[in-house]
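# Overview (structure and organization)
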Amino acid sequence: MRAKPVGSVASAGQVAGATASPARALVLATISFTLSFAAWGLVGGLASVFTGLYRLTASETALLVAVPVLLGSLARLPMGMLTDRFGGRLVFTALLAFSSLAAFVVPMTGSYGSLLVAAFLIGMAGSSFAVGAAFVSRWTPPARQGTALGIYGLGTMGQSLAVFVGPLVAARLGWEAVFRGTSVVLLAWAVAYFLLARNPPHAARPASVAAMAAVLRRAPTAWLLGAFYFLTFGGFVAFSIYLPTLLRAEFGLAPADAGLRAAGFVVLATLMRPLGGWLADRIGGAQVLSWVFGGVALFSLLLTWPSMVPFTVGALGCAMLMGLGNGAVFKLVPEHFPKDTGTVTGLVGALGGLGGFFPPLLLGVFHDRLGAIWPGFLLLSATALALRAANQRVFRPGDIAWTQSLPVAARQALERVRAGAWAALVTATLAAAIVVGSRNLQHFDAALVGYTFATLFAAFGISYRYAMWLQRPPTRMYWRRGWQAFFSRRSLAGNTVSLGRRALLEFAGNSYIFRRGRLRGLAHWLIMWGCLVAAAITFPLVWGWIHFETVPGDLHMYRTFVFGIAVQDFPVESALAFVIFHGLVWSAFLVIAGVMLAFRRRMIDHGAVAVQQFGQDILPLLLLFAISVTGLMLTASYTWMRGYAYEFLAILHAATVIVTLIWLPFGKLFHVFQRPAQLGVGFYKDAGARDQQASCRRCGQPYASQLMVRDLTTVEQELGFRYELAAGGHYQDVCPRCRRALFGLAQGALWQQYLNERQDSGRG
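Let me begin by describing the structure that accompanies this report. The residue numbering used here restarts from 1 in each chain and proceeds along that chain's sequence as written. pLDDT decides what is reported in this predicted model: residues at 70 or higher carry local features, side-chain atom pairs at 80 or more are listed and counted, and totals for whole chains, interfaces and linings draw on all residues regardless. Hydrogen atoms and water are omitted, and side-chain values are computed over all heavy atoms in the structure.

### So, the layout of surface pockets
- Definitions used throughout: a 1 Å grid over protein atoms alone; a cavity as a set of points that fits a 1.4 Å probe which cannot get out; a pocket as an open set with protein on both sides within 12 Å along at least five of seven lines; a lining residue as one with an atom within 4 Å of a point. Grid points are joined across faces, edges and corners, and a volume is the space filled by probe spheres set on the points. By volume, the second largest pocket is sized at about 1600 Å³.
- Along the walls of the second largest pocket sit 41 residues, with E415, R418, L470, Q471 and R476 positioned nearest its centre.
- Mapped by element, the contributors of at least two residues to the lining of the second largest pocket are α15 (285–302), α19 (374–394), α20 (396–404), α21 (408–437), α22 (449–470) and α23 (473–486).
- As a working rule, the residues Ala, Val, Leu, Ile, Met, Phe, Trp, Tyr, Cys and Pro are called nonpolar, Asp, Glu, Lys and Arg charged, and the rest polar, with Gly in that last group. Tallied by class, the residues present in the lining of the second largest pocket amount to 20 nonpolar, 11 polar and 10 charged. Strands are runs of DSSP state E lasting at least two residues, helices are runs of H or I lasting at least four, and both sets are numbered from the N terminus onward.

Now the structure itself:
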């Protein structure tokens, strides 16, 4: 259940201004956070200046950069506790003033030791995140806290601002002017913030330090949220810090190029943070994190590929997901800890900040000990999967209960968002597989780019519609029960054998269609296998997963490459080569034969003629026929006609294929992708046959399994149908035969009532 709004702790000197509002509090806190993070990043941004000024070694420079970041992370916990006790207005004002003083002291240092002390003091500015997050969450209604905290998180760009702008200003005005100017801005804003900011009007009794510390001892979920932020924000910090060094060391990039790529990572992750909060408001933070951790587990595997394109795709994918996760984590904090938001925010923020130091150190150890960094990314993937499992167990049940309580329109919108997320993930995975499988597009034929984009569109559309189909209550129940029946302990081995048999007979052999008629089954079988063979040949070639080359030194031999790996050589004039290179011809013959049989049925079967529709029955056959015929015409052109009209035929064939791919998610052929999922229905029926049978309330005879009756009742209730009986029980507790009898009796009673009323009116 979602937490109710809880008032914040009133601080000394609080003024309950009538003009205060959540929007105003968000703007003030975001500006304060941005300025504080800018001050926090100045030492790291000007590290090269201090290195030359004090002739520092690499270790001394690293220590100088790490000191403020480390303190800023550790101080988040006590600063969050102070915010819970005294309110955000006073604590943030004091922090801004202290940060102003620390920035002013930096130019007054004259040695490396004194500079370390000043850097340590300015690190307090990094603790501003916990202060502002608690302040904003207390002002914002629970339904919008994810969005508000996501917008507040944009303040992390202040650090990037310091890294890029600080050196430019230092080059013109001197590094001392940078710190002094920052000090003046921070002090002026501290005064403005104190005058403009207000604590929420709903005051709560301040908790003692012991009480706040007890929350951390008694609430393991707080530490689990910290682990979530350790990966999402810690990964973001680690990539932003270590990515330039990694790109220079692993791929030999110039410093400017590596820095620009790292900046793109930071900007993408930061901009995704509000979106993560917005999604968390609408579908729940736990559901967003489920997607985030699953996606990070996949994209981090691309980081193990020692090539720039897959690594870039993996890094940008992780940036997007980590940004979404950062926004979603802090949706869960005020939900589960409404009275201790600042304390838990401090803990979560501290663990997230510390998470930024762990990955670079680990990658360095792997590099020094193993000579490779890819095991570190495998560990990242495994950690993401472990956190996803913990999230599914601890937090997601609450989100499911919340979504079930939403209005129908809100649940439908949620289903569309969830289906869109699945479709985006499938499409992104396919795109990444194309890049990786073609060896960074090295074996990708640019002339086939139209086919590739059409398949990506089809993948998105099919996945979206498939996800929407699986979310329908009847389909969802069948899907869940089918898997439960398949993985049941007492029959798993037998189910595995049964699955193979059913896949062979029902899917590969189309036995369920042959039972409706031999010619109908044959038409379906020919079309299906013609399309499967064509897809198995076309898509790997289009995506660059398979290609052929002549063997060096022997022009009469071909070599087959799968994912860039040589697997087999064969003679050009062999029977194997003839079969392989004419595979699309054989598939076209199969499809044409099946289409002809299907058209024959639609022309002579009066039942089929009466119900057929052009878009659902005729158009799919025409598209398949057009693809097959144009493909055969291409073969005839380059085999017997010396390429006559080949370019026109190639364009015509490509157009028919692309149109069909784009049409796939919307037309009748979508049922081809639905059919394999229906194999689980058989296991559900088998489980029902073994289950105890339900007896009819009217006649007492068994008519179905108790499991099926319960599931059907549940699905009807989810769909809004209420068939509860007046005397108790449900309409599904009556067998179909008795339902028909009751229906007939009811009609007879109505007819008798009508006759009686007519007879009475005639007497009158």
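### A look at the pairing of strand β3 (residues 565–571)
- Think of it this way: DSSP has to see at least two bridges between two strands before they count as a pair. Strand direction decides the pairing type here: strand β2 (residues 554–562) and β3, joined by 6 bridges, are antiparallel. In the strand pairing of β3, R559 is matched with D569.
- The turn joining β2 and β3, which pair antiparallel and follow one another in sequence, is formed by 2 residues; a positive phi near 55° is taken by F563.

### So, the packing of aromatic side chains
- For Phe, Tyr and Trp, where Trp contributes only its six-membered ring, two rings pair if their centres lie within 6.5 Å, and the inter-plane angle classes them as stacked under 30 degrees, edge-to-face over 60, or tilted in between. Counted by the stated rule, this structure contains 33 aromatic pairs.
- Taking 5.0 Å as the distance between ring centres and 85° as the angle between the ring planes, the aromatic pair formed by F486 and F487 counts as edge-to-face.
- Throughout this description, buried means an accessible area under 20% of the type-specific maximum (1.4 Å probe, protein chains only), exposed means over 50%, and partly exposed covers the range between. Judged by relative accessible area, which is 10%, F486 ranks as buried.
- Pairwise contacts between aromatic rings join Y466, W469, F670 and F673 into one cluster.
- In this scheme, Lys NZ or Arg CZ marks a charge over a ring once it lies within 6 Å of the ring centre and within 35 degrees of the ring normal. Above the ring of F194, the side-chain terminus of R89 is found at 4.1 Å from the ring centroid.

### What to know about the side chain of S290
- Positionally, S290 belongs in helix α15.
- Contact criterion: two residues are considered in contact whenever any of their non-hydrogen atoms come within 4.5 Å of each other. Ignoring any residue separated from it by four or fewer positions in sequence, one finds S290 in contact with R388, N391 and Q392.

### Observations regarding the sheet that holds β3
- Taken in spatial order, the 3 strands make up an open sheet running β1-β2-β3, and their pairing is antiparallel. Strands at the two margins of the open sheet, each flanked by one partner only, are β1 (546–551) and β3. The sheet shows a mean angle of 30° between the axes of neighbouring strands, taken without regard to direction.
- Bridging between β1 and β2 involves 6 bridges; their strand directions are antiparallel. Bridging across to β2, V551 finds its partner in D554. Angular values range over 0 to 180 degrees, each being the angle between N-to-C directions of two axes fitted as lines to C-alpha atoms, with helices fitted over their stretch in contact.

### As for the packing of helix α6 (residues 88–105) against helix α8 (residues 128–139)
- Interhelical geometry of α6 versus α8 gives an angle of 155° and a closest axis separation of 10 Å. In terms of orientation, α6 lies roughly antiparallel with respect to α8. Seen along the crossing, α6 lies across α8 with a hand that is left-handed. Where α6 abuts α8, its residues G88, R89, V91, F92 and L95 lie against S128, V131, G132 and F135. Every angle not falling under 35 degrees, over 145, or within 65 to 115 is termed oblique; those three ranges are roughly parallel, roughly antiparallel and roughly perpendicular. Whether a crossing is left-handed or right-handed is set by the direction in which the near helix is turned from the far one by less than a right angle, anticlockwise for left-handed and clockwise for right-handed.

### Structural notes on the pattern of salt bridges
- Salt bridge, as applied in this entry: a Lys or Arg side-chain nitrogen positioned within 4 Å of an Asp or Glu carboxyl oxygen. Counting across every chain of the model gives 4 salt bridges.
- Measuring nitrogen to oxygen at the nearest pair gives 2.9 Å for the salt bridge that ties R481 to D711. Of this pair, R481 sits in helix α23 while D711 sits in helix α34 (residues 706–718), and the two are 230 residues apart along the sequence.
- Of the charged contacts in the structure, one is a salt bridge between R559 and D569, with a shortest N-O distance of 2.9 Å. Residue R559 is located in strand β2, and its partner D569 is located in strand β3; the two are separated by 10 residues in the primary sequence.
- Using a relative accessible area of 24% as the deciding quantity, one classes R559 as partly exposed.
- According to the relative accessible area criterion, D569 is partly exposed, its value standing at 36%.

### Some thoughts on helix α24 (residues 492–508)
- The span you would expect from a helix comes to 1.5 Å times its residue count less one. The end-to-end C-alpha distance of α24 is 22 Å, a good match for the 24 Å that 17 residues give at a rise of 1.5 Å each.
- The reported bend at a residue is simply the angle between two axes, fitted to the 7 residues ending at it and to the 7 residues beginning with it. Approximately 25° is the largest bend angle found in α24, and it occurs at R502.
- Residues N495, S498, R502 and A508 constitute the buried set of α24.
- For α24, the secondary structure elements touched by its buried residues are α23, α26 (518–542) and α33 (679–690).

These figures capture arrangement, not role.
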